Amino acid sequence: MSISKIPNQARSGHGTSHVESERLSVRVDPALKRKLQNQAKRAGLPLAEWLRIRLQFGPVNPREVRAFLTALVELGTKIGAGEARR
């Protein structure tokens, strides 16, 4: 595993952050890489960005996400019908 420092400001097209970042290289078997690439593709993100988010925020519990989205849809329905209460 190697780590090299890469200032964000030196890379074009990567936001406006001027915080120093580091590169992390990891070896994985081809089957695992394909699985990770498929997950990133389903999320609509490049693999590196998807991995950064997963490392930063940890795993996501699908039941919690489903419950949150269900509540959000219900709230949207109530707002649309004028039934939302504070």
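Residues numbered from 1 in each chain as written. Predicted model: local features only at pLDDT ≥ 70, side-chain atom pairs only at ≥ 80, totals over all residues. Heavy atoms only, no water.

A.B. asks: Can you walk me through the overall build of the protein chain in this structure?
C.D. replies: Along the protein chain, the regular secondary structure elements total three helices and two strands. For the protein chain, the N- to C-terminal ordering of α and β elements is β-β-α-α-α. For the protein chain, the residues scored as buried account for 7% of the 86 residues in total. Within the protein chain, counting contacts between residues at least 6 apart in sequence, those at least 24 apart form 3% of the total. (Helix = DSSP H or I, 4+ residues; strand = E, 2+ residues; numbered from the N terminus. Buried < 20%, exposed > 50% of the residue type's maximum accessible area, 1.4 Å probe, protein only. Contact = heavy atoms within 4.5 Å.)

A.B. asks: It is not clear to me how the packing of helix 1 (residues 30–43) against helix 2 (residues 47–57) should be interpreted in this structure. Could you clarify?
C.D. replies: Helix packing geometry: the angle between the two helix axes and the distance between the axes. Relative to each other, helix 1 and helix 2 sit at 90°, their axes nearing to 9 Å. Classified by the interaxial angle, the pair formed by helix 1 and helix 2 is roughly perpendicular. Along its contact with helix 1, which presents Lys33, Leu36, Gln37, Gln39, Ala40 and Ala43, the element helix 2 presents Leu47, Trp50 and Leu51. Residues that form the contact of helix 1 with helix 2 fall into these classes: six nonpolar, two polar and one charged. (Axes fitted to C-alpha atoms, helices over the stretch in contact; angles between N-to-C directions. Parallel < 35°, antiparallel > 145°, perpendicular 65-115°, else oblique. Nonpolar A, V, L, I, M, F, W, Y, C, P; charged D, E, K, R; others polar.)

A.B. asks: What exactly am I supposed to notice about the confidence of the model for the protein chain here?
C.D. replies: It should be kept in mind that the predicted coordinates are not to be read in detail where pLDDT is low. The predicted model of the protein chain averages 80 in pLDDT, with 76% of residues at 70 or higher. Element-level pLDDT for the protein chain is lowest in strand 1 (residues 2–7), with a mean of 49, against a maximum mean of 93 in helix 1. (pLDDT = per-residue confidence, 0-100.)

A.B. asks: Even after reading the chapter, I still don't get the pattern of salt bridges, so can you show me in this structure?
C.D. replies: Pairing of side chains with opposite charge becomes possible as their charged atoms draw close. Inspection of the entire model under this criterion finds one salt bridge. The closest approach of N and O atoms between Glu49 and Arg52, which form a salt bridge, is 2.9 Å. Here Glu49 and its partner Arg52 are both found in helix 2, three residues apart, which amounts to about one turn of the helix. Taking the relative accessible area as the measure of exposure, Glu49 reaches 30% and is therefore partly exposed. You can call Arg52 partly exposed: its relative accessible area is 41%. (Salt bridge = Lys/Arg side-chain N within 4 Å of Asp/Glu carboxyl O.)

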